[in-house]
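# Observations on the model geometry
Read off the chains here:
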Amino acid sequence: MKKTILSLSFAAMTAMGAFTTAKAQIKEGSITYSMTIEGLPPEQAAMMEGMEMTTTFKNGKSRSEVNSAFMNSITVTDGKGGFITLMDGMGQKSYVKGNANDDKAKSKDKEKDPKISYSDEKKSIAGYDCKKAIFETEGEGKEMMKMSVWYTDKIAPVEGGMGSRGSQFKGLKGVPLEFEMPQGPMSIKVVATKVSTDAVPDSKFEVSTEGYTEQNLDDMRGAGGQ
């Protein structure tokens with residue numbers, strides 16, 4: 001379950017990272033998303049009810065917070081590829097940090113750009129007109145995975161994020177306000193419920209690791225966060 005929460009934290013960076021759009025307008029503010037996970041056993045599903053993610057952004061930096069009854073996490077990116085994720089749950093406090101550019105260099109020969117198909121379908125999400133896109137990406141087992149994304153081009157992209165997640169929506173013409181992400185036998189649905197354009201203080205992108213134990217990111221991935 002800790003791996004699930006960690007994946008959700010990285011998905012937060014995906015929601016605001018590595019996009020290209022020429023019509024972006026909003027460059028400072030926050031997006032609040034509701035998050036639901038399908039495919040969990042009933043007792044685990046009950047623990048994940050009410051999960052919410054808030055992504056705050058300014059001048060290329062971002063802060064994403066995932067809150068649930070099971071675990072809370074904060075991920076901050078510096079706009080230059082650097083990131084740090086703090087996790088607090090199950091009586092443990094830990095953090096991981098790194099640079100997305102390093103991750104991208106390691107996986108340069110392995111990753112393929114996703115295939116994107118744009119649709120004429122439209123709908124309003126959190127007060128913004130969104131268009132639909134279908135992403136096709138190659139999974140670890142070489143199987144093709146499809147993901148539906150509803151996006152807006154009215155919000156500026158945020159550079160940075162983790163390599164494996166930062167490229168999740170590479171090439172998209174906007175910022176996702178709704179998407180459904182396969183995670184093995186599970187599926188994570190993320191939907192924006194509120195977009196704020198209020199000013200963001202620089203202190204929002206400062207975090208302290210006092211009381212947290214550092215963990216190796218590669219070890220955490222391989223061990224599923226155990």
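For the structure, check the block above.
Residues numbered from 1 in each chain as written. Predicted model: local features only at pLDDT ≥ 70, side-chain atom pairs only at ≥ 80, totals over all residues. Heavy atoms only, no water.

According to the stated counting rule, one finds seven salt bridges in the structure shown. Between E121 and K132 there is a salt bridge whose closest N-O contact spans 3.5 Å. Of this pair, E121 sits in strand β7 (residues 115–125) while K132 sits in strand β8 (residues 128–138); the two residues are 11 residues apart in sequence, bridging distant segments of the chain. Salt-bridge contacts for E178 lead to K123; the nearest nitrogen and oxygen are separated by 3.1 Å. With E178 in strand β10 (residues 175–183) and K123 in strand β7, this pair connects stretches of sequence that are 55 residues apart. A residue is classified by how much of its surface remains accessible, and E178, at 11% relative accessible area, is buried. Look at K123 and you get partly exposed, because its relative accessible area is 31%. Ionic contacts of the salt-bridge type, sharing partners, join the residues R63, E65 and K204 into one network. (Salt bridge = Lys/Arg side-chain N within 4 Å of Asp/Glu carboxyl O. Helix = DSSP H or I, 4+ residues; strand = E, 2+ residues; numbered from the N terminus. Buried < 20%, exposed > 50% of the residue type's maximum accessible area, 1.4 Å probe, protein only.)

If you walk across this open sheet you meet the 12 strands as β7-β8-β9-β10-β11-β1-β2-β3-β4-β5-β6-β12, and the pairing is mixed. In this open sheet, the two edge strands, each paired with only one partner strand, are β7 and β12 (213–214). Strand direction decides the pairing type here: strand β9 (residues 144–152) and β10, joined by four bridges, are antiparallel. What sits directly across from T152, in β10, is V175. (Pairing = 2+ DSSP bridges.)

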